[in-house]
Amino acid sequence: MAQLEIRNVTRRFGDFVAVNDVSLSIEAGEFFTLLGPSGCGKTTILRMIAGFDLPDAGQILLDGKDLADTPAEKRPIHTVFQSYALFPHMTVAQNIAFPLRMARRPATEIENMTREILEQVYLTDKASAYPHELSGGQKQRVALARGLVNRPRLLLLDEPLGALDAKLREEMQIDLINLQRDVGVTFVFVTHAQVEALALSHRIAVMDQGKVEQVDEPAKLYGLPKTRFVADFIGHINQLEAQVVESAHGHLRLAVDGLGEIIAPPLKDAAVGTKGVFAIRPEQVRIGVHGEMEELKNHFSGVVHNLLYRGEVSVYKVELANGAIIEALLPNSAPGRAELFKVGDAVKLGWRHDAGMFLRD
Amino acid sequence: MRSSWAGATMPGCSCVTESVHRLVPAARLTKWLVSGPPFLFLLLFFVMPSVIMVLASFRYPGEFGGLAPLAATDPGVLQGVTLETYQFFFSDPIYGQVFVKSIFMALSTTLICLTMAYPLALLIARSPKKSRDLMVLLVILPFASNFLIRVYAWMIVLGPQSALSQMVNGFLQWFGIAPVHLLFSPFAVLIAMVYVHLPFMVLPLYTNLEKHDPSLLDAAQDLGANAWQRFWRVTFPLSLPGIFSGSALVFIPVLGMFAIPDILGGTGDMLIGNLIKEQFLGTRDWPFGSTLSIMLTIAVLLIAWFTARVAGHRGSYA
């Protein structure tokens, strides 16, 4: 049995359907992420799990028990808020002890548990500081400690890294992974930042317009997106409008207007004539001069349209014969590699027959 | 390495700030032009009169009010400098009693105002933004009519022929209790004090409560606090600055108030304000009036100092 089960949950605000018939099951000890653009319903789901909102239809079960009649303060579920929501009139230690005091734990236990979690988030020396004396990262860690100290069944995190700068965010990501592994509490994380979701999660549910598009492990989500939305939302992807001309056991033959044919990995039930897009990640596209790409099943001529030097990689935007722009990623590991092609150069693009995927409309 | 760093930065820092000050004389002139007039106003009409009052308290009263001359003009007339007024104040317990009664009245008014204003301020602060302004307007609406008229209105409301009086006494009669006079009693004074000063408590409380981050209450609830605990552990401690400023705005004016006890109080309901007013306008003993006024100021400062000390322990986060 899953630890948290969301069964056919729907939530409407007037005419707007914020959450539309969503079902999810989250296992104990999992780092589960709800990922989607703002307004996709992920925060509404989080608020319903926490108890700040109730579903119009459907059920939320924790360890098999329906939570509908349990008010937020009685749920063994804690939240780390986007704004941290630390109590400004309490010290770090008092903030962290708050849930323990509410649970009426004995004083010595409160003291020990507070000290222990303070050590775990490296804030022992800040125990008697007030929130306004802390940096963003420290506030973040206090909020985490406060959420975890009472060992909830579930910790909900609402875009907790949103307010931190890029470098600190990366450090906090690593801290979060370690902390979750150490305490073993199930994390439900909400974010719109796909990089963060990929780095942190065991599993991710990608949401759009109140519906769950796909639930999968990060690598599968990135490598094998099931819908155009997921493919587009997670990372960068090239898309070419295509139509199936042959659906064989081992491969798919696609026709692209003005370009020719592409050999793609097979897709179940993709009948001849099915329309959709051929999608391929920039790092799977190879770029070279004439004659270098012939051993690949898919190769096309193009002209370098733009070149973005990004330090570790260069991104080439190449215009193909039909006017489509394809991105290709070239690592800059070899010296002088970035200088290889210039804007206006005629180049060849190529990719393996088992790279990319066909996504139905 | 570390200490040399500190040594190098410190003087550098002060140099920068100094040069900034030197570079902008125009800004300094503006600062003085802006803050000069109110400063001068307070100097002339608050500091100077206070000094005059302190000096006056050590003098003898003049024959028809005012002060007796410092140097002799007529033999047999009291003159010069004296501590008599202070001796007089401490020798007769009646003055201490009036002080205690006045402080008690001011405390009761403040506490009643606080318990009435808090729910109201909370209600306004948690209403939709659109209706808040209207509600605040309603709170300050009584100021649109004259203070004395509003106090006189209570004479009618509390008078023996009023519906309120008849209802109360009818009710008392039911239980066989003798009828009471609502008007010209400490009760009448208290009710009017509360009525007049309530907005001064509501406004600072509302201003404070309105700024509270609602996510703090969500967090408290999320962490296991019920509605009662959310109020006492989050809302109330965070509203202490509002409670203190509201209380000061009620307590201090009530302590010096003479109009309300004059109009609604009985003969025995004299407060410090009445006493001081009486010295200047009635018995024409300016030095003693000054002494009473100084003692009142000292009492207020002592109370303020004590409150600040208590508040300092709790409110040091701000």
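What counts, and at which threshold
- Each chain carries its own residue numbering, running from 1 in the written order of its sequence.
- Naming scheme: in the order in which they are written, chains are lettered from A and ligands are numbered from 1.
- Confidence filtering applies because this is a predicted model: local features only for residues at pLDDT of at least 70, side-chain atom pairs given and counted only at 80 or more, and all residues used for totals across whole chains, interfaces and linings.
- Here a strand is any run of E in DSSP of at least two residues, a helix any run of H or I of at least four, and the numbering for each starts at the N terminus.
- Neighbour counting defines burial: a residue surrounded by 20 or more other C-beta atoms within 10 Å of its own C-beta is buried, one with 12 or fewer is exposed, and intermediate counts give partly exposed, using backbone-placed C-beta atoms.
- In this description, a residue-residue contact is defined by the distance between C-beta atoms placed from the backbone, which must lie within 7 Å.
- Lys, Arg, Asp and Glu make up the charged group, whereas Ala, Val, Leu, Ile, Met, Phe, Trp, Tyr, Cys and Pro make up the nonpolar group; the residues left over, Gly among them, are polar.
- We define a nonpolar core as a collection of buried residues of the types Ala, Val, Leu, Ile, Met, Phe, Trp, Tyr and Cys that are connected via C-beta atoms lying within 7 Å of each other.
- Any two strands are treated as partners once DSSP identifies two or more bridges connecting them.
- Every axis corresponds to a line fitted to the C-alpha atoms, with the helix fit spanning only the stretch in contact, and the corresponding angles, defined between N-to-C directions, vary from 0 to 180 degrees.
- Convention used here: angles under 35 degrees read as roughly parallel, angles over 145 as roughly antiparallel, angles from 65 to 115 as roughly perpendicular, and any remaining angle as oblique.
- Each crossing gets its hand from how the near helix is turned against the far one by less than a right angle, where anticlockwise is left-handed and clockwise is right-handed.
- The start and end points of each domain follow an automatic or database-based domain assignment.
- As a per-residue quantity, pLDDT reports the predictor's confidence and falls between 0 and 100.

1. Concerning the overall build of chain A
Okay, step 1: When you go through chain A residue by residue, the secondary structure sums to eight helices and 20 strands.
Okay, step 2: With the C-alpha coordinates of chain A rotated into their principal frame, the extents come out at 75 × 50 × 35 Å.
Okay, step 3: Here chain A, with 361 residues, has 40% of them falling under the buried criterion.
Okay, step 4: A separation of at least 24 residues holds for 64% of the contacts in chain A among residues at least 6 apart in sequence.

2. Concerning the overall build of chain B
Okay, step 1: Within chain B, the regular secondary structure consists of 13 helices and zero strands.
Okay, step 2: For chain B, the succession of helices and strands along the chain, N to C, is α-α-α-α-α-α-α-α-α-α-α-α-α.
Okay, step 3: Expressed as a percentage of its 318 residues, the buried residues of chain B come to 25%.
Okay, step 4: In chain B, of all internal contacts separated by at least 6 residues, the share reaching a separation of at least 24 is 69%.

3. Brief notes about the interface of chain B and chain A
Okay, step 1: Between chain B and chain A, the residue contacts involve 16 residues of the former and 18 residues of the latter.
Okay, step 2: Broken down by secondary-structure element, the contributors of at least two residues to the side of chain B that touches chain A are helix H9 (214–222) and helix H10 (227–256) of chain B.
Okay, step 3: Broken down by element, the side of chain B that touches chain A gets its largest block of residues, six residues, from H9(B).
Okay, step 4: Looking at the side of chain B that touches chain A residue by residue, the class counts come to eight nonpolar, five polar and three charged.

4. A closer look at the nonpolar core
Okay, step 1: By size, the foremost hydrophobic cluster in this structure holds 105 residues, and its most contacted members are Ile49(A), Ile96(A), Ala145(A), Leu156(A), Val188(A) and Phe278(A).
Okay, step 2: With six residues, the top contributor of residues to this core is helix H2 (residues 92–102) of chain A.
Okay, step 3: Ala145(A) has contacts with Ile96(A), Ile117(A), Leu118(A), Val121(A) and Leu123(A), leaving out every residue within four places of it along the chain.
Okay, step 4: Within the second largest apolar cluster, 40 residues are counted, among which are Leu158(B), Leu182(B), Val189(B) and Phe251(B).

5. Observations concerning the sheet that holds strand S13 (residues 260–264) of chain A
Residue and element names in this part refer to chain A.
Okay, step 1: Taken in spatial order, the five strands make up an open sheet running S13-S12-S11-S14-S20, and their pairing is antiparallel. Across the chains shown, the open sheet's two edge strands, defined by having one partner strand only, are S13 and strand S20 (357–360). Ignoring which end each strand starts from, the neighbouring axes of this sheet average 45° apart.
Okay, step 2: With four bridges connecting them, strand S11 (residues 238–247) and strand S12 (residues 252–256) associate as antiparallel partners. Bridged to Gln243 within S12 is Ala255.

6. Thoughts on unusual backbone geometry
Negative phi values dominate among residues other than glycine, just as trans dominates among peptide bonds.
Okay, step 1: Of note, the phi angle at Gln209(A) is positive, near 45°, even though the residue is not glycine.
Okay, step 2: Positionally, Gln209(A) belongs in the loop between strand S9 (203–208) and strand S10 (211–216).

7. Digging into the sheet that holds strand S8 (residues 186–191) of chain A
Residue and element names in this part refer to chain A.
Okay, step 1: One open sheet accounts for six strands, arranged S6-S7-S8-S3-S9-S10; its pairing is mixed. Both outer strands of the open sheet, strand S6 (77–80) and S10, are each paired with one neighbouring strand and no more. In this sheet, adjacent strand axes meet at a mean angle of 20° when their direction is disregarded.
Okay, step 2: In this structure, strand S7 (residues 154–158) lies alongside S8, joined through five bridges in parallel fashion. Across the sheet, Leu157 pairs through a bridge with Phe189, a residue of S8.
Okay, step 3: Against the sheet, helix H4 (residues 136–148) engages S6 and S7, with an angle of about 175° to S6.

8. Description of helix H12 (residues 272–282) of chain B
Okay, step 1: Residues of H12(B) that are buried include every one of Ile272(B), Gly273(B), Asn274(B), Leu275(B), Ile276(B) and Gln279(B), and no others.
Okay, step 2: Two residues or fewer past H12(B), Arg284(B) is found with a positive phi of approximately 55°.

9. Here we look at the packing of H4(A) against helix H5 (residues 166–183) of chain A
Residues and elements named next belong to chain A.
Okay, step 1: Orientation of H4 relative to H5, taken along the N-to-C sense of each, is 15°, at an axis distance of 11 Å. The orientation of H4 relative to H5 falls into the category roughly parallel. Seen from above, H4 lies across H5 with right-handed handedness. Packed against H4, whose contacting residues are Gly136, Gly137, Gln140, Leu144 and Leu148, the element H5 presents Leu168, Met172, Leu179 and Val183 at the interface.
Okay, step 2: For the contact of H4 with H5, the per-class residue count stands at six nonpolar, three polar and no charged.

10. Observations regarding the packing of H2(A) against helix H3 (residues 107–120) of chain A
Residue and element names in this part refer to chain A.
Okay, step 1: Where H2 meets H3, the closest approach of the two axes is 10 Å, and the angle between their N-to-C directions is 130°. Judged by the inter-axis angle, H2 sits oblique to H3. Crossing geometry of H2 relative to H3 is assigned as right-handed. For the pair H2 and H3, contact is made by Ala93, Ile96, Ala97, Leu100 and Arg101 and by Ile110, Met113, Thr114, Ile117 and Leu118, respectively.
Okay, step 2: A per-class count over the contact of H2 with H3 returns eight nonpolar, one polar and one charged.

11. Some thoughts on the domain arrangement of chain B
Residues and elements named next belong to chain B.
Okay, step 1: Partitioning chain B into domains gives domain 1 (2–57) and domain 2 (88–317).
Okay, step 2: Its C-alpha centre places domain 1 at a distance of 37 Å from the equivalent point of domain 2.
Okay, step 3: Counting residues at the interface gives four residues for domain 1, matched by six residues for domain 2.
Okay, step 4: Here the side of domain 1 that touches domain 2 is composed, by residue class, of three nonpolar, one polar and no charged.

12. Side note on the environment of Glu327(A)
Residue and element names in this part refer to chain A.
Okay, step 1: Along the chain, the position of Glu327 falls in strand S18 (residues 325–331).
Okay, step 2: For Glu327 and Ile280, which are 47 residues apart along the polypeptide, the C-alpha to C-alpha distance reads 9.3 Å.
Okay, step 3: Excluding residues within four positions of it along the chain, Glu327 makes contact with His236, Asn238, Pro282, Val315 and Lys317.

13. Quick look at the confidence of the model for chain B
Residue and element names in this part refer to chain B.
Okay, step 1: Across chain B, the average pLDDT comes to 86, with 88% of residues at or above 70.
Okay, step 2: For residues 1–18, every residue scores under 50 in pLDDT, and the model assigns this stretch zero contacts once sequence neighbours within four places are set aside.
Okay, step 3: Interface confidence in the predicted complex, given as ipTM, is 0.84; pTM for the same model is 0.81.

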